[in-house]
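# Coordinates in review
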Amino acid sequence: MNEQVAYAVIDSELKRLRKSPYSELTTLVGKPETKRVMAEDGKSYQLEIQAAWDSKKGGDLRVIVSADDGGWRAFKPLTCDFIMRPDGTFVGESFGGH
């Protein structure tokens, strides 16, 4: 798996999600979504999008996007996230090694 390409796919999904309202993102808590996307390298990547309360229910929300290509990376996918406050502002971001 080309990590640079995978991180580009993750970044694209994070940008899309950052435009979503807090109320929409809270629907992901306990209900992760998966989808396949075709990357610029011609390979298919599986994304998993999930959300969890960062500290308490109704507070800051951590949104996590993971990517793998179905190979060994499925056991240790590349991951990035962001934290959104209830007012729609962002706390910070963590980029899993990129």
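Let us look at the structure shown here. (Residues numbered from 1 in each chain as written. Predicted model: local features only at pLDDT ≥ 70, side-chain atom pairs only at ≥ 80, totals over all residues. Heavy atoms only, no water.)

## Here we look at the overall build of the protein
Secondary structure summary: the protein contains 2 helices and 5 strands in total. Listing the helices and strands of the protein from first to last along the sequence gives α-α-β-β-β-β-β. Relative to the compact-globule value of 13 Å for 98 residues, the protein shows a C-alpha radius of gyration of 13 Å, a close match. The contacts of the protein with a sequence gap of at least 6 include a subset with a gap of at least 24, amounting to 44%. Across the protein, 14 positive and 15 negative side-chain charges occur, with their mean positions spaced 3 Å apart. (Helix = DSSP H or I, 4+ residues; strand = E, 2+ residues; numbered from the N terminus. Rg over C-alpha atoms; globule rule 2.2 N^0.38 Å. Contact = heavy atoms within 4.5 Å. Lys, Arg positive; Asp, Glu negative; His and termini not counted. Charge placed at Lys NZ, Arg CZ, Asp CG, Glu CD.)

## Considerations on the environment of methionine 1
The residue methionine 1 is located in the segment before helix 1 (3-18) in this model. Once the C-alpha coordinates of methionine 1 and leucine 14 are considered, the two residues, 13 residues apart in sequence, prove to be 20 Å apart. Not counting the four nearest positions on each side in its chain, methionine 1 is found in contact with Ala6, Tyr45, Ala67, Asp68, Asp69, Arg73 and Leu78.

## Here's the deal with the nonpolar core
The nonpolar side chains of soluble globular proteins are, as a tendency, buried together. One finds Ile10, Leu25 and Val63 to be the most contacted residues of the largest nonpolar core, which totals 23 residues. For this core, the secondary structure elements donating two or more residues are helix 1, helix 2 (22-25), strand 2 (44-53), strand 3 (61-68) and strand 4 (78-84). For this core, the element with the most residues is helix 1, which contributes 7 residues. Not counting the four nearest positions on each side in its chain, isoleucine 10 is found in contact with Leu47, Val65, Ala67, Leu78, Thr79 and Cys80. (Core = buried A, V, L, I, M, F, W, Y, C linked by side-chain atoms within 4.5 Å. Buried < 20%, exposed > 50% of the residue type's maximum accessible area, 1.4 Å probe, protein only.)

## Side note on the pairing of strand 1 (residues 33-38)
Taken together, the 6 bridges between strand 1 and strand 2 define a ladder with antiparallel strand orientation. Looking at strand 2, one finds that methionine 38 is bridged to serine 44. (Pairing = 2+ DSSP bridges.)

## Description of the packing of aromatic side chains
Inspection of every chain in the model, using the stated rule, returns 2 aromatic pairs. Measuring from ring centre to ring centre gives 6.5 Å for tyrosine 22 and tryptophan 53, while their planes differ by 50°; the resulting arrangement is tilted. Separated by 31 residues along the polypeptide, tyrosine 22 in helix 2 and tryptophan 53 in strand 2 bring together distant segments of the chain. Residue tyrosine 22 is classed as buried on the basis of its relative accessible area of 14%. (Phe/Tyr/Trp six-rings, centres within 6.5 Å; stacked < 30°, edge-to-face > 60°.)

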